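Fold and geometry: a report
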Amino acid sequence: MEKVQTEVKLKSPLRKRTFWKRLQDESFLQLMAWAGIIWMLIFNYAPMYGLLVAFKARYMPTTPLFSSEFLNLPWAKNFGLEHFITFFKDEEFKNVMINTLGISILKLCICFPLPIFFAILLNEVRNPKFKKSIQTISYLPHFLSWVVLGGILTNWMDAQGLFNQILINMGVIKEPVYFLAEPKYFWGIVVISDLWKELGWSAIIYLAAISGIDQEMYEAAQVDGASRIRQIFSITLPSIKGTIVIMFILAVGGLLNSNFDQIFVLRNSLNDVRSNVIDIYTYKIGLGTIGRLSYASAVGLFKSVVAFILLFIANNVTKKLNNTSLF
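Residues numbered from 1 in each chain as written. Predicted model: local features only at pLDDT ≥ 70, side-chain atom pairs only at ≥ 80, totals over all residues. Heavy atoms only, no water.

A short note on the layout of surface pockets
- Taken as a whole, the largest pocket spans an internal volume of roughly 580 Å³.
- As for the largest pocket, its lining consists of 20 residues, of which K107, C111, D194, S202 and A251 are closest to the centre.
- Elements represented by at least two residues in the lining of the largest pocket include exactly α4 (93-110), α9 (183-211) and α12 (241-253).
- Residues of the lining of the largest pocket, tallied by class, amount to 11 nonpolar, 6 polar and 3 charged. (1 Å grid on protein atoms, 1.4 Å probe; cavity = no way out; pocket = protein on both sides within 12 Å on 5 of 7 lines; lining within 4 Å. Points joined across faces, edges and corners; volume = space filled by probe spheres on them. Helix = DSSP H or I, 4+ residues; strand = E, 2+ residues; numbered from the N terminus. Nonpolar A, V, L, I, M, F, W, Y, C, P; charged D, E, K, R; others polar.)

Considering helix α11 (residues 228-239)
- By the burial criterion, the buried members of α11 are Q231, I232, I235 and T236. Seen end-on, α11 carries its buried residues on one side only, within an arc spanning 125°. Opposite the packed face of α11, turned more than 90 degrees from it, sit the exposed residues I229, R230 and F233.
- Elements that come into contact with the buried residues of α11 comprise α5 (113-124), α9 and α10 (215-223). (Buried < 20%, exposed > 50% of the residue type's maximum accessible area, 1.4 Å probe, protein only. Arc of directions from axis to C-beta. Contact = heavy atoms within 4.5 Å.)

Here's the deal with the packing of aromatic side chains
- Enumeration over the complete set of coordinates arrives at 18 aromatic pairs.
- Ring centres 5.6 Å apart and planes at 75° place the aromatic pair F88 and F93 in the edge-to-face group.
- Here F88 falls in the partly exposed class, since its relative accessible area comes to 42%.
- Taken together, a centroid distance of 5.5 Å and an interplanar angle of 65° make the contact between F179 and Y185 edge-to-face.
- Among the aromatic residues, those joined into a cluster by ring pairs are F87, F88, F93, Y281, Y295 and F302.
- For R274, the ring lying beneath its charged end belongs to W187, and the centroid distance is 5.5 Å.
- The ring of Y295 is capped by R292, whose NZ or CZ atom sits 4.2 Å from the centre of that ring. (Phe/Tyr/Trp six-rings, centres within 6.5 Å; stacked < 30°, edge-to-face > 60°. Lys NZ or Arg CZ within 6 Å of the ring centre and 35° of its normal.)

Description of the environment of I249
- By the element assignment, I249 lies in helix α12.
- Among the residues examined, I249 registers a relative accessible area of 0% and is labelled buried.
- Sequence separation between I249 and N315 is 66 residues; the distance between their C-alpha atoms is 6.0 Å.
- The contact partners of I249, leaving out residues within four places of it in the chain, are L311, A314, N315, T318, S325 and L326.

Observations regarding the confidence of the model for the protein
- Mean pLDDT over the protein stands at 85; residues scoring 70 or higher make up 89%.
- Confidence, expressed as mean pLDDT per element, reaches its minimum in the protein at helix α1 (residues 2-25) with 58 and its maximum at α4 with 94.
- Confidence drops under a pLDDT of 50 for residues 6-15, and excluding neighbours within four residues, the segment shows 0 contacts in the predicted structure. (pLDDT = per-residue confidence, 0-100.)

In C-alpha cells form, the structure reads like this:
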C-alpha cells in the first residue's frame, strides 16, 4: 500500500511538469489559439450585452443602454416580451415567415447537394489543365460582391436585357418580360443566382475531403472490376459522409438566414410581396423610416433563438442516424 502511494506521489509532479513542458513546447500554437479566442470574446461575446435592447421599451442610440426602461407586462414583468408578441401578431408576420422559409428551404434542397455533385464530377476529370480551368471559372463569381452581381443581373433581366433577347430569339416568349418586376419569379432568381455565385466555392471543402481518401481503395475496387459510378457510391460518398453531415447541420442552423445582401440588391417595390424576408423586415423596422430599434432587436433575437433550436435538432438527428455530430 505504501509503495502504491509513493508511486502516485512521484507521478503527480511528473504529470504537472509534462503538462507545462508541453505548453512551453507548443507556445506558438497556443498563441495562435488564444488570439482566436480573444477575438471571439471581443467581437462575438462582448457585444451580446446589447441583446438587452430587445427588452427595452424604446431604446434610442443617444441614451445609455442601462438607463433605458424595461418593458413591463402583467404576465411578463421585467422580461419585456411585448416586442415578441407584437411581432407574432403583426399582419406581415405570416408573409415574412413564408418568404424566409420558402427561399431558405429551396436553397437547402438545391444549393446544398449540387456542390457535392460538382465536386465529385471535378474529381473524376483526368485532364489537369481542364480541371483547373473549370475550378477557376466556377470560383470567380464568389469573389464579386452582391452589389456588382446585382447590377449585372438587373441589366441581364431587364426588358431589353440578355435573357429576354435569348428567349425571344429562341421563340420561348414573344414579348419581353421584366423578371424582377414579377413576384412569382423572385424566389427562382434568388436560388439560381446564389447557386451561380457559390457553387464552385462551396465545392472546395468537398474536394478537400475527397483528396484525403486513400487511393488504394480505388485501386482495389478497380481490381475487383468496379466501375467509376460504383466507386463513387461505394468509396467516395461514404468517405466524405462526415463532411456532408457537418455541412448539413450548419446549413440547417442557418435556415432563417436568407442572405440579406443578395435580396437587398435584387428586391424592389414590385416584388416586395415575395422579397420581404426577416432580414429585410428587421432592416426596415430598425434602420428604415420607422426606427424602432428595440422591436427590430427582438425580431433579430427571435431569429437567433430559432436558428439555435434548428441547429440543436439537426445535430441530434444526425447523431442518432449516422453517429456524426457537431457537438
